[in-house]
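# Close look at the chain arrangement
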Amino acid sequence: MEQLKNKFLNKLSQELGTHKDKENILREYETHIDEIILESFEDTAHGKLEDLLFARLGSPEEIAAAWKEELSVTPSNMKWLFILLNIIFFAGGSFLTLIHNLYQWSWLTSIWNHLTSIPTLIAFLYMFFWALLGYEIGKGFGHGGRKLLRKTFLLSLIPNLILMMLTVFEIIPHSWFAPLLTKTFIIACIIFTIFLYPISMLGYRWGRKASI
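Now for a quick tour of the structure.

Analysis parameters
Residues numbered from 1 in each chain as written. Predicted model: local features only at pLDDT ≥ 70, side-chain atom pairs only at ≥ 80, totals over all residues. Heavy atoms only, no water. Helix = DSSP H or I, 4+ residues; strand = E, 2+ residues; numbered from the N terminus. Buried < 20%, exposed > 50% of the residue type's maximum accessible area, 1.4 Å probe, protein only. Contact = heavy atoms within 4.5 Å. Areas by Shrake-Rupley, 256 points an atom, 1.4 Å probe, with all protein chains shown as cover. Core = buried A, V, L, I, M, F, W, Y, C linked by side-chain atoms within 4.5 Å. Salt bridge = Lys/Arg side-chain N within 4 Å of Asp/Glu carboxyl O. Patch = residues over 30% accessible without salt bridge, like charges linked within 9 Å, V, L, I, M, F, W, Y side chains within 5 Å.

### Some remarks on the overall build of the protein chain
Regarding its fold elements, the protein chain presents 11 helices and 0 strands. Sequence-ordered secondary structure for the protein chain, helices as α and strands as β, is α-α-α-α-α-α-α-α-α-α-α. When the 212 residues of the protein chain are sorted by exposure, 37% land in the buried category. When contacts within the protein chain are restricted to residue pairs at least 6 apart in sequence, those whose partners lie at least 24 apart make up 76%. If you sum the accessible surface of the protein chain, you get close to 12900 Å²; carbon and sulfur atoms cover 66% of it.

This is the structure:
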């Protein structure tokens, strides 16, 4: 079994050539191969390991081709894409809040009242955004994406922290967020924020498994 694993990894190494993330990819697939061996001991005992590896992971040629295609999605592009999406989310919400409080348009008031009546749903959708962040990084960059996830998370969190500071120090009037800004809502926001990184990490691990 060890010989077959080494043969698979050596072939994968050869096919990857000078891929910049080659070492991380090989470590990632070595882990997956070890997991398959442990999960399917009976099949491996009957000489079916190679067929099982190809069925679950694909051939070394297919794996290398997929990773070479991933080079078009760079870590920098992925990072700034999610940071931009988070900024758009906050900018859109801030713009809606500002316009609602400056102009008493009936249609805008209707939208505002509808949104403020479903804060829990909005919070869960936002948490899904962070899970998606982790999933896409895990799927796109595998084992080497953990550092990228951490950096992207910290940068994306800046608008959240700025808004909290502006609200706590009442630079933004509390009345602007009525009827949302209650003690219960503030506590809920803090709890949701604490859970954002673990949620992103779960998405990342799910994405890593989906990448094979």
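Now that the structure has been shown, the text picks up again.
### Topic: the nonpolar core
Within the largest apolar cluster, 18 residues are counted, with the highest numbers of intra-cluster contacts made by Tyr126, Trp130, Leu133, Ile137, Leu149 and Leu196. Among the elements of the structure, α6 (75-102), α8 (119-141), α9 (146-156) and α11 (183-210) are those that each provide at least two residues to this core. The element best represented in this core is α8, accounting for 7 residues. If near-sequence neighbours (up to four positions away) are discounted, Leu149 is found in contact with Leu133, Gly134, Ile137, Ser200, Met201 and Tyr204.

### Digging into the pattern of salt bridges
Pairing is possible between side chains that carry opposite charge, provided their charged atoms lie close to one another. The final tally for this structure, using the stated rule, is 4 salt bridges. With a closest N to O distance of 3.6 Å, Glu30 and Lys5 form a salt bridge. Placement of Glu30 in helix α2 (residues 22-39) and of Lys5 in helix α1 (residues 2-16) is noted, with a sequence separation of 25 residues between them. Since its relative accessible area comes to 33%, Glu30 is described here as partly exposed. Judged by its relative accessible area of 4%, Lys5 falls in the buried class. Close ionic contact of Asp34 with Lys5 constitutes a salt bridge, the shortest N to O distance being 3.1 Å. Remark: Lys5 occurs in helix α1 and Asp34 occurs in helix α2; sequence separation between them is 29 residues.

### Describing a nonpolar patch on the surface
A cluster of nonpolar side chains, namely Leu98, Leu102, Tyr103, Trp105, Trp107 and Ile111, defines an oily patch on the protein surface of about 600 Å² accessible area. Of all the elements in the fold, those that place two or more residues in the nonpolar patch are α6 and α7 (106-116). The topology assignment puts Ile111 in helix α7. Owing to a relative accessible area of 36%, Ile111 belongs among the partly exposed residues under this scheme.

Don't take any of this as a statement about function, it's just geometry.
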